[in-house]
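Notes for the structure review
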Amino acid sequence: MADIINAFLSYSFLRNALIVGILVSLCAALLGVSLVLKRYSMIGDGLSHVSFGASAIALSLNLAPLYVAIPVVVNSKINGDSAIALISTSAVAIGVIIVSMTKGMSTDISNYMFGSILVMTRLDVVLSVVLSIIVLILYILFYNRIFAITFDESFAKATGTNTWFFNSLLAVLTAVTIVIGMRMMGAMLISSLVIFPALSALRLCRGFRSVIILSAVFSVVAFIVGIVVSFVLDAPTGATVVISNLIVFMISYIVGRICEHH
């Protein structure tokens, strides 16, 4: 095991991926709890598809995808299941058409669809770390307000909380997290980082704070296990991380069921 860890850490791109991945996993897990409880789970999937479309346009214009995708996704107004389906499928369709009409883009777009830790430049890593830290700071700073709009938005509004602002903040933080994580996980898989840890934690805990903490732990552990296993087996990182999260969820589900019967 020590040899595997030493070999893993000897590659700079893997060290960068580990740092960014842990931060993104934390952000996704924290935001995911509120999104799942508010029944906005599919917003992550919708935003990732919008990000894919924006990335395809950026690559066709020889622009940096990350810097085009972030403002586009942040400014996307997605509300409701029908709107998510409409916008996300349209964005993917636009991206696919652009790819088919532009030569030499198939490899790049494949990386954005399914993720690749090799596509992250040093500048991408720095930007991802900075944005992830900002997301975490804002979440901690406005934790009480996010808690309020998650469980009882009407009461929060009655007590003077600007629910529109904090719902928008939650959407923006989610959008930023999705775009950052999409580089590694891919547009088709990034929403799993938002959904799986929250669902796993909800099977075992009831208190909001305990669910958030456990969700964060599950997310980080699943990511670390996933990226190490992908290195050992030479498997796709994004898919391996998703499988790790799926295994955690299955274990949590079984343990939760056992606890319900005792």
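Please refer to the structure placed before this passage.
One numbering rule holds for all chains: residues counted from 1, following each sequence as written. Two thresholds apply to this predicted model, a pLDDT of at least 70 for residue-level local features and 80 or more for giving and counting side-chain atom pairs, whereas whole-chain, interface and lining totals are computed over all residues. For the side-chain quantities, the full set of heavy atoms in the structure was used; hydrogens and water were omitted.

1. Comments concerning a nonpolar patch on the surface
Residues L204, I243, L246, I247, M250, I251 and V255 make up a contiguous nonpolar surface patch of roughly 570 Å² in combined accessible area. Secondary structure follows DSSP: runs of H or I at least 4 residues long count as helices, runs of E at least 2 residues long count as strands, and numbering of each begins at the N terminus. Considering each element in turn, the nonpolar patch owes the most residues, six residues, to helix α13 (residues 237-260). Mapped onto the elements of the fold, M250 is located in helix α13. On the basis of relative accessible area, M250 is assigned to the partly exposed category, the value being 45%. Grouping into patches uses exposed residues only, defined as over 30% relative accessible area, and leaves out salt-bridged ones; the cut-off is 9 Å for like charges and 5 Å for nonpolar side chains (Val, Leu, Ile, Met, Phe, Trp, Tyr). Using the Shrake-Rupley algorithm and a 1.4 Å probe, accessible areas are obtained, with residue cover drawn only from the displayed protein chains. The salt bridge criterion pairs a side-chain nitrogen of Lys or Arg with a carboxyl oxygen of Asp or Glu, the two atoms within 4 Å. Classification of residues uses two cut-offs on accessible area relative to the type maximum, computed with a 1.4 Å probe and protein chains only: under 20% is buried, over 50% is exposed, and between them is partly exposed.

2. Brief notes about the packing of aromatic side chains
Each Phe, Tyr or Trp ring (for Trp, its six-membered ring) is paired with any other whose centre lies within 6.5 Å, and the angle between the two planes then decides the class: stacked below 30 degrees, edge-to-face above 60, tilted in between. Per the stated rule, a full pass over the model turns up eight aromatic pairs. When the ring of F142 is compared with that of F165, the centres are 6.5 Å apart and the planes differ by 80°; the resulting orientation is edge-to-face. Of this pair, F142 sits in the loop between α7 (122-141) and α8 (143-151) while F165 sits in helix α10 (residues 163-185); the two residues are 23 residues apart in sequence, bridging distant segments of the chain. Relative accessible area serves as the criterion here: at 22%, F142 is assigned to the partly exposed category.

3. A word on α7
Here α7 spans 29 Å end to end across 20 residues, near enough to the 28 Å set by a 1.5 Å rise per residue. If you check which residues of α7 are buried, you get D124, V125, S128, V129, L131, S132, V135, L136 and Y139. One less than the number of residues in a helix, times 1.5 Å, gives the span that helix is expected to have.

4. A word on the side chain of S25
The topology assignment puts S25 in helix α2 (residues 12-37). Of the residues examined, S25 reaches a relative accessible area of 0% and is grouped as buried. Those residues in contact with S25 that lie beyond four places of it in its chain are L193, S219, V220 and F223. Here a residue-residue contact requires only that any non-hydrogen atoms of the pair lie within 4.5 Å.

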